[in-house]
Amino acid sequence: MKVILAEKAGFCFGVKRAVDTAFEKAEEAAASGRSIYSYGPVIHNEEVVKRLEDKGVKILNSLEDIVNIPKDSLIILRSHGVGKDVYETIEAAGHEYVDTTCPFVKNIHKIVDEKSKEGAAIILIGNPGHAEVEGTLGHCSGDAYVVDSEEDIRSLPDFKDRDIVVVEQTTYSLKKFKELVAVLHEIYYNVNVCKTICNATEERQNEAAELSKEVDSMIVIGGKTSSNTQKLYEISRQHCANTYYIQTLDDMDFTVLESASRVGITAGASTPNFIIKEVHDRMSELSFEEMLKNEENVSIRSGQVVDGVVVNVKPDEIAVNIGYKIDGIVTAAEYSNNPVDLTTVVNVNDPIKVKVLKVNESEGMVILSHKRVVAEQDTAALKEAFENNSVLKGTVSKVVKGGLNVNVGESRVFIPASLVSDAFEKDLNKYLDQEIEFVLTEFDPQNRRVIGNRRKLVSEQKAAAAQALFENINVGDVVKGTIKNITDFGAFVDLGGADGLLHISEMSWGRVDNPKKLFKVGDEVECFIKELDKETGKIALSLKFDEKNPWINAEEKYAIGTVVKGKVARMTDFGAFIVLEPGIDALLHVSQISLDRIEKPADVLTRGQEIEAKVVDLNVEGKKISLSIKALLKDQQGDSEEEEASDTVYSDEEPVAEAAEEAAEEVAAEDAE
């Protein structure tokens, strides 16, 4: 019988780290007499859990258990992770904790925490009730849904325009994950998929699939509650009918292997090496150490992609434990194409996938690259986005002749100027360093032709926004908008879906000479819809609210005979226009400026000068007021009422009312021009 042991069988670095930490803390607690617990099993392996219990580590199963244990106890947080409420309860109870959460799981917690706070709906693809799934849900502050089948997805609500962020349980089946993601893309438009399956899990699954195709029988070793071991069993069964799932050597019936000439062995990431060794020793005369390859004898080669954990961080380089006898180095230049201080983006214990560039054992040096792994992953993601017409996000790194260079991770997409927006963009520099959305219209990385299209999305978004706007507005509605453009005849206001015209005549109850003196681009305005044509998409706006009409109560404020004050706004040969209040101008005819005869108003008045005069004529309907300084001066001289009335109504040459009428007609003609 030939026995083939999977290279990746046994503890992954996350599980090994958790188990080593748990046993180390158990030894320390035993020496000091301190109570020690774990919140849930540290890993899903009954044999390991039993050994920890023998070391004094007791299991807590609920928040209530945390409150009831002795003060100042030490609690180990399981490798599957826990929710925020567990951290808060431990701290409130005054206990110390050691966090052995797998770095890959920690990464998922960070994603769902940030995205749910931004308002995104979280979809977690995984096994309902699994410890990792429950822990991840405990970091979501908004809506979160667990799906494990197509039926689960089709029962999800309509998320409308909300962002949807998809994450997966680290130990989930990669094949099934891809199938469910395809269903999500079929139903929803704004799906953002974060590939969070553990690299060690993915490698084990791929290895189990290949190995099970080549053997007569397959043995899968792991705890019955281990999700990743169950997936290995399911994958192996698809290719090898004689697949057996065992926890320890005692579970194995070796008689079923008598006719097998080739037997494969794999094990879940939470299966300790001593159990794998027991099974293997029973089946083979070869030493376990030779087949399993101790860490000291692990070989690596240039071009190999491996998983690692950050063990040291400097501004210009990081050290990475890749399971080799010496740590590897990733320089800032091999971390990203963009200038970066590594201490701001990487932390000790972060998981990282790297590519081996150079191995020099004589110098004790292993050179690694992170950006090349990311670039390969990004290229695969771009290909998938191109095939599915998915929306991508990227940061504009450079404005070049003819368009924009956009970074998507470590890959670059070019968006031609004609595809940047739905209208001509004279200056593209405003997009520099901005994150934008787009779709791919061409994908040919070998010839460096990866072309993006933002115009399509902008057009679709504007059309949808315009439709929504016109469905919800009517004449008379008060709306808010932003000044988008200003001309001599008015301003265009962006209402969030369509533009409305605020004509110069509708900007104020008073006279407006130049809209640019009243508004600037970017100003927010609140106006009402005066006219609306939903068929042509035309919207006329106004700021002349009825309740702000200064002519209300004008009959009382400006009754004939009332003495008023105002400022000279403008002058013509026939008279001066006096602003009594914003929106109300009155005419001071040249014949009513002085007791003496004058040729033109500018001889005695200046713009901005404050004057006092008497109202001699009022036409509220026509919005006209005539003033007279002459009448006021005669009042002050104490002339008789008869003489005053005569001089108030008539000038020396013509009736004031008639003069005012003629002046108003001249002003109207000027405005029309």
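Reading the values: the criteria
Residues numbered from 1 in each chain as written. Predicted model: local features only at pLDDT ≥ 70, side-chain atom pairs only at ≥ 80, totals over all residues. Heavy atoms only, no water. Helix = DSSP H or I, 4+ residues; strand = E, 2+ residues; numbered from the N terminus. Rg over C-alpha atoms; globule rule 2.2 N^0.38 Å. Buried < 20%, exposed > 50% of the residue type's maximum accessible area, 1.4 Å probe, protein only. Areas by Shrake-Rupley, 256 points an atom, 1.4 Å probe, with all protein chains shown as cover. Lys, Arg positive; Asp, Glu negative; His and termini not counted. Charge placed at Lys NZ, Arg CZ, Asp CG, Glu CD. Phe/Tyr/Trp six-rings, centres within 6.5 Å; stacked < 30°, edge-to-face > 60°. Lys NZ or Arg CZ within 6 Å of the ring centre and 35° of its normal. Pairing = 2+ DSSP bridges. Axes fitted to C-alpha atoms, helices over the stretch in contact; angles between N-to-C directions. Contact = heavy atoms within 4.5 Å. pLDDT = per-residue confidence, 0-100. Polar contact = N/O pair within 3.5 Å; in protein donor to acceptor, adjacent residues only side chain to side chain. Arc of directions from axis to C-beta. Salt bridge = Lys/Arg side-chain N within 4 Å of Asp/Glu carboxyl O. Right-handed = clockwise from strand over helix to strand, strands pointing away. Parallel < 35°, antiparallel > 145°, perpendicular 65-115°, else oblique. Left-handed = near helix turned anticlockwise from the far one by under 90°. Nonpolar A, V, L, I, M, F, W, Y, C, P; charged D, E, K, R; others polar.

A closer look at the overall build of the protein
No. 1: Assigned secondary structure in the protein consists of 20 helices and 32 strands.
No. 2: For 673 residues, the compact-globule estimate of 2.2 N^0.38 gives 26 Å, and the protein exceeds it by more than 25% at 40 Å.
No. 3: With 673 residues in all, the protein has 47% of them scored as buried.
No. 4: Looking at the protein as shown, the accessible area adds up to about 34300 Å², and 46% of this sits on carbon and sulfur atoms.
No. 5: Taking the average location of the 77 positive side-chain charges in the protein and that of its 119 negative ones, the two points are 7 Å from each other.

A short note on the packing of aromatic side chains
No. 1: Within this structure, the stated rule accounts for 8 aromatic pairs.
No. 2: Ring geometry for F489 and F492: centres 6.3 Å apart, planes at 90°, overall edge-to-face.
No. 3: An aromatic cluster is present here, built from Y145, F159 and Y188 joined pairwise through their rings.
No. 4: Positioned above the aromatic ring of F274, the side-chain terminus of R51 is 3.7 Å from the ring centre.

Comments concerning the sheet that holds strand β9 (residues 191-193)
No. 1: The 4 strands lie next to each other as β7-β6-β8-β9, forming an open sheet whose pairing is parallel. At either end of the open sheet lies a strand with only one pairing partner, and these are β7 (144-147) and β9. Neighbour-to-neighbour, the strand axes of this sheet turn through a mean angle of 25°, independent of strand direction.
No. 2: In this sheet, β9 lies alongside strand β8 (residues 164-168) in parallel orientation, the contact comprising 3 bridges. In the strand pairing of β9, V166 is matched with V193.
No. 3: Helix α5 (residues 103-117) contacts β6 (121-125) and β8 of the sheet and is inclined by roughly 165° relative to β8.

Digging into the confidence of the model for the protein
No. 1: Chain-level statistics for the protein give a pLDDT mean of 86 and a share of 92% at 70 or above.
No. 2: Overall, residues 285-297 carries pLDDT values under 50, and its contacts beyond four positions in sequence, including any with other chains, amount to 25 contacts.
No. 3: Low pLDDT, under 50, characterises residues 667-673; the stretch is placed with 5 contacts to residues that sit more than four places away or in other chains.

Quick word on the pairing of strand β27 (residues 538-542)
No. 1: Direction of pairing for strand β25 (residues 499-503) relative to β27: parallel, over a ladder of 2 bridges. Its bridge partner lying in β27, L501 is registered against A540.
No. 2: Remark: 4 residues form the turn of the hairpin made by strand β26 (residues 524-533) and β27, two consecutive strands paired antiparallel; G537 in that turn has positive phi of roughly 80°.

So, the environment of K195
No. 1: Relative to the assigned elements, K195 resides in the loop between β9 and α9 (199-214).
No. 2: A polar contact is formed between the side chain of K195 and the side chain of E202, at a distance of 2.8 Å.

As for helix α2 (residues 46-54)
No. 1: Turning to α2, its buried residues are V48, V49 and L52. Take α2 and look down its axis: the buried residues cluster within an arc of 100°, on one side only.
No. 2: Turning to α2, the residues buried within the fold contact α1 (13-32) and β3 (57-60).
No. 3: Backbone nitrogen of E47 and a side-chain oxygen of the N-cap are separated by 3.1 Å at the start of α2; the cap is N45.
No. 4: G56 lies just past α2 and shows a positive phi near 100°.

Structural notes on the sheet that holds strand β13 (residues 305-313)
No. 1: Reading around the circumference, β13-β14-β15-β17-β16 is the order of the 5 strands in this closed barrel, with mixed pairing throughout. Across the sheet, the mean angle separating the axes of adjacent strands is 50° when strand polarity is ignored.
No. 2: Pairing analysis gives 5 bridges linking β13 to strand β16 (residues 351-360), with the strands arranged antiparallel. Bridging from a neighbouring strand, V305 pairs with K355 of β16.

Quick look at unusual backbone geometry
A negative phi holds for most residues other than glycine; trans holds for most peptide bonds.
No. 1: Here the phi dihedral of N389 falls at roughly 55°; this positive angle occurs in a residue that is not glycine.
No. 2: When you line up the elements, N389 lands in the loop between α14 (371-388) and β18 (392-400).
No. 3: You can call N389 partly exposed: its relative accessible area is 40%.
No. 4: Of note in this structure, N553 is not a glycine but carries a positive phi near 70°.

Notes on the environment of I187
No. 1: Topologically, I187 is positioned in helix α8 (residues 174-187).
No. 2: Residue class for I187 comes out partly exposed when judged on its relative accessible area of 34%.
No. 3: Separated by 346 residues in sequence, I187 and D533 place their C-alpha atoms 35 Å apart.

Side note on the pattern of salt bridges
No. 1: One pass over the structure, following the stated rule, counts 36 salt bridges.
No. 2: When the shortest N-O distance is used, the salt bridge between D113 and K117 registers 3.5 Å. Linking D113 with K117, this pair stays in helix α5, spanning 4 residues, or about one helical turn.
No. 3: Overall, K117 belongs to the exposed group, its relative accessible area being 58%.
No. 4: Taken together, the salt bridges that share partners define one network made up of K8, E203, D307 and K353.

Focus: the pairing of strand β10 (residues 217-221)
No. 1: Across the 5 residues of β10, 5 count as buried, placing the element largely inside the fold.
No. 2: Residue alternation in β10 divides its side chains into two sets, S217, I219 and I221 and M218 and V220, and both sets are buried.
No. 3: Across 5 bridges, β10 lies against strand β12 (residues 262-267) in parallel orientation. Counterpart to S217 in the pairing with β12 is V263.
No. 4: Read from β10 through helix α10 (residues 227-239) to strand β11 (residues 243-246), the crossover connection turns out right-handed.

Regarding the side chain of H139
No. 1: Mapped onto the elements of the fold, H139 is located in the loop between α6 (131-137) and β7.
No. 2: Leaving out residues up to four positions away in the same chain, H139 has contacts with V82, G83, K84, Y87, H109, V112, D113 and S116.

Quick notes on the packing of α1 against α2
No. 1: Between α1 and α2, whose axes approach to 10 Å, the crossing angle comes to 15°. Our classification of the angle between α1 and α2 gives roughly parallel. The two elements α1 and α2 meet at a crossing, and its hand is left-handed. Across from V19, A22 and F23 in α1, the residues of α2 making contact are V48, R51 and L52.

A word on the environment of L618
No. 1: Here L618 is to be found in strand β31 (residues 610-619).
No. 2: Owing to a relative accessible area of 21%, L618 belongs among the partly exposed residues under this scheme.
No. 3: Excluding residues within four positions of it along the chain, L618 makes contact with W551, A554, E555, Y558, A559, I560, K624 and I625.

Looking at the packing of α9 against α10
No. 1: For the pair α9 and α10, the least separation of the axes is 8 Å and the interaxial angle reads 30°. What the angle tells us is that α9 and α10 run roughly parallel. For α9 against α10, the interelement crossing comes out right-handed. Judged by residue contacts, R204, Q205, A208, A209, S212 and K213 of α9 engage K231, L232, I235, S236 and H239 from α10.
No. 2: When its residues are assigned to classes, the contact of α9 with α10 shows 4 nonpolar, 4 polar and 3 charged.

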